Structure formats: C-alpha cells, structure tokens
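# Analysis of the macromolecular model
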Amino acid sequence: MVFDGGGTQVGGSWLRGKYQKSCEISLPGRFCLNTTVLIFRATCGTSISSTSVISYQSANMKKILWLLPFLAFGCKKKDVTPAVPSSTQLNVSYGTDPLQKMDIYLPEGRSVATTKVIIMVHGGGWSEGDKIDFTPYVDSLKKRLPGYAIFNINYRLAVSGTNLFPTQELDVKAAFEFIYNKRADYKISDKFVALGASAGGHLALQQSYKNNSVVKVKAVVDFFGPTELYSMYTYPINPLIPLQLIAVIGGNPATKAQAYHDGSPYNYVTAQCPPTI
C-alpha cells in the first residue's frame, strides 16, 4: 500500500503525508529509513506478504519509530527445526555387566505411533564378537529406512567356562524388554524387527519364537544363524563346531539334552511365529 495524501490508522495514530521517494531492498525484514520516507517490506520465507510505503513529515518521526519493533518481529521465518530431533546414544546400559550395553540411533520426527524399531544382534559363536561389527551398516540402514529407530546391542559372552548358554539368550531378552519398557522415553512404537547374523541370528530367532511373552516381534531377519543345535552338533559342517558347542553350553547333547532342546529355535516354530527371512 502507498499512502499518498490520504490517511490510515496505525497503532491508534493517523499518518498523513505526501509520497516523496522510495527505495528497494531485497533482504527480508529490513528497513529503508530516511528523514522523509519509511519503507518496510515484510516477508515470510521467500514470499512477500505486504509492502508498505509511508510518507511522513519530520514532526511525525516519533510517532512512527515506536512501531518499528512490532513491524520487525511481526513476520518471522518459519521454524524448520524438527519437533523431535534425531538422537544418537552410545553404550547405554541395559544391565549391570559391562557387556550389557547398546548403541541407539533415533530418527527425527519420531513418535510412539509410527516409528518402527530394528534391533541388531551381532554374531561370534556366542563367545566373541561385538556390536561394533554391525556399526558400519548403521548408516546404510538409516538411509534405506530413515524412519526407523535402530538399536545395536551387546551381550555377555561364553568364555573360559563363564557365562554359559543361555546367558546370551537371556541378555538379548533383557535388552528387548528394556527397549520395550522405554518406548515412551525414546518415542518409538511397539513394532520391533529382530536382526542378527550367525550366533546373533540364532539369538534373534530365540527372542522372536520363544521369548515373546512381553515383546511381540513383528519380523525377524536371520543371516545364517543356527536353528537346531542337536543336528548342528551331530552333523557338523566343520569338525570344530561340536567343540565350540561343548564350550558354550557346557556339555554335549547326551549330558545337556535339555539345553540343546531349549536352545533350538526350531522347537518353537508355530503358526504364530513372525515373518522370517
């Protein structure tokens, strides 16, 4: 609008005058001010909402100046900061042992209604390995599945007769339930996907098929994980496998028959099991 000899009311004051000269500016929310002319161009983002040219006499200067703060802050750029920013939390404890930790990667804009969850379980024959083995794949998952929350977990290892199986299975169960119980804090849904490789694939199957009373896994991805430990011992593809199973479980199928049965995801397959890859 251009005020030329007429009048309009701004903030309760009448401004009158004759248009004398103008100036142009390109930066949003800036002023062109001299002794005779005030031009204010208010913009939001990249679109111009209004352009006002006010001519005034020096006597009216004080009446105009008090309006400037309101004009300057009346139109601001849209806030582009996400309502819920992304978050990375490393080595979060889910138990008291130093190995009971996880890395957490939460996407921006997440919510308990829509944000699905992938929980990764590393391999290593139940006796070695670390969550860092999966770390190089986190960025790929974040790019391919940008709306997913990713949890990369560690668990206690069976070494030198300590932490014998099913310690690893119980740790994975504890980690899943820890995440599940903190859904409101992390702003994630209850739609969990279990993903593991080798021994981690076996543990992902155990969690999804057997230990599902609290956390109902929606899908499981098993990269070459064992499914039936008795057959793995009896018909090994490598002569060292039986020795590894004895070291991890504490005996062979004759002396630890229940442990071999209970540690086999095959024995828990039902029609209610989640989709499996």
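Described in the following lines is the structure provided in the data block. Along every chain, residues carry numbers that run from 1 in the direction the sequence is written. For this predicted model, a pLDDT threshold of at least 70 governs which residues receive local features, and a threshold of 80 or more governs which side-chain atom pairs are given and counted, while totals over whole chains, interfaces and linings are taken from all residues. As a rule here, side-chain values cover all heavy atoms of the structure and leave hydrogens and water aside.

## Considering the sheet that holds strand β10 (residues 192-197)
What counts, and what does not: DSSP-based pairing: two strands are paired if at least 2 bridges between them are found. The helix and strand labels rest on DSSP assignments: H or I over at least four residues marks a helix, E over at least two residues marks a strand, and numbering proceeds from the N terminus. Fitting a line to C-alpha atoms yields each axis, with helices limited to the stretch in contact; the angle taken between N-to-C directions then spans 0 to 180 degrees.
Within the open sheet, the six strands sit side by side as β6-β7-β9-β8-β10-β11. Their pairing is mixed. Of all the strands in the sheet, the pair left with one neighbour each is β6 (87-93) and β11 (219-223). Shown here is a sheet whose adjacent strand axes are inclined to one another by a mean of 15°, direction ignored. Bridging between β10 and β11 involves five bridges; their strand directions are parallel.

## Topic: the packing of aromatic side chains
Applicable threshold: Only Phe, Tyr and Trp rings are paired, with Trp represented by its six-membered ring, and only when their centres lie within 6.5 Å; those with planes under 30 degrees apart are stacked, over 60 edge-to-face, the remainder tilted. When a residue's accessible area, from a 1.4 Å probe over protein chains only, is under 20% of the maximum for its type it is buried; when over 50% it is exposed; and in between it is partly exposed. For a ring to carry a charge above it, either NZ of a lysine or CZ of an arginine must fall within 6 Å of the ring centroid while also lying within 35 degrees of the normal to the ring plane.
The tally for this structure, following the rule as stated, stands at four aromatic pairs. Relative to Tyr137, the ring of Phe134 has its centre 6.3 Å away and its plane inclined at 75°; by these criteria the two rings are edge-to-face. Ring centres 6.0 Å apart and planes at 80° place the aromatic pair Tyr233 and Tyr260 in the edge-to-face group. Here Tyr260 lies in helix α9 (residues 257-262) and Tyr233 lies in helix α7 (residues 229-234), a separation of 27 residues in the sequence. Here Tyr260 falls in the buried class, since its relative accessible area comes to 2%. Over the aromatic face of Tyr180 sits the side chain of Arg183, whose NZ or CZ is 4.0 Å from the ring centroid.

## What to know about the nonpolar core
Within soluble globular proteins, side chains that are nonpolar tend to cluster in buried spots. Put simply, the test is: Buried Ala, Val, Leu, Ile, Met, Phe, Trp, Tyr and Cys residues that are joined via side-chain atoms within 4.5 Å together make up what is termed a nonpolar core. The contact criterion used throughout is that any non-hydrogen atoms of two residues lie within 4.5 Å.
Counting 40 residues, the largest nonpolar core has Met102, Ile119, Trp126, Phe151, Phe176 and Ile188 as its most contacted members. Listing elements by their share of this core, those giving two or more residues are β7 (101-106), β8 (117-121), β9 (149-153), α4 (167-181), β10, α6 (199-209) and α8 (241-249). The element contributing the most residues to this core is α6, with five residues. With near-sequence residues (within four places) excluded, Ile188 lies in contact with Leu106, Ser111, Val112, Thr115, Val117, Ala149, Phe151, Ile179 and Arg183.

## Some details on the pattern of salt bridges
Applied cut-off: Salt bridge, as used here, is a side-chain nitrogen of Lys or Arg placed within 4 Å of a carboxyl oxygen of Asp or Glu.
Scanning all chains against the criterion turns up five salt bridges. For Asp103, the salt bridge identified is with Lys131, shortest N-O distance 3.1 Å. Separated by 28 residues along the polypeptide, Asp103 in strand β7 and Lys131 in the loop between β8 and α3 (135-144) bring together distant segments of the chain. Here Asp103 matches Lys131 in class, with each residue buried. Linking Lys210 and Glu169 is a salt bridge whose minimum nitrogen-to-oxygen distance equals 3.0 Å.

## Here we look at the side chain of Ser208
Convention followed: What qualifies as a polar contact is a pair of N or O atoms within 3.5 Å, subject to a donor-acceptor requirement within protein and to the restriction that residues adjacent in sequence count only when both atoms come from side chains.
Mapped onto the fold, Ser208 is located in helix α6. Under the relative-accessibility criterion, Ser208 is labelled buried at 1%. Engagement of the side chain of Ser208 in a polar contact is seen with the backbone oxygen of Ala204, the distance being 2.8 Å. When near neighbours in sequence (up to four residues on either side) are disregarded, Ser208 contacts Ala194, Val217, Val220 and Pro274.

## A short note on a nonpolar patch on the surface
Put simply, the rule reads: Excluding any residue in a salt bridge, patches collect residues exceeding 30% relative accessible area, merging like charges within 9 Å and nonpolar Val, Leu, Ile, Met, Phe, Trp and Tyr side chains within 5 Å. Only the protein chains shown count as cover for residues, and all accessible areas are computed by the Shrake-Rupley method using a 1.4 Å probe.
Judged by side-chain polarity, Leu240, Leu243 and Ile246 come together as a nonpolar surface patch covering roughly 290 Å² of accessible area. Exposure remark for Leu240: the relative accessible area of 57% places this residue in the exposed category.

## Focus: the pairing of β10
Across a regular strand the side chains alternate sides, sitting on one face of the sheet and then on the other. Applicable threshold: Here is how to tell: hold the view so the strands point away, follow the path from the first strand over the helix to the second, and if it runs clockwise the crossover is right-handed.
Most of β10 sits out of view: six of its six residues are buried. Of the two faces of β10, the one carrying Phe192, Ala194 and Gly196 and the one carrying Val193, Leu195 and Ala197 are both buried. Both β8 and β10 contribute to a ladder of five bridges, which runs parallel. Counterpart to Val117 in the pairing with β10 is Phe192. Handedness of the crossover is the feature at issue here: the chain leaves β10, passes through α6, returns alongside β11, and the resulting connection is right-handed.

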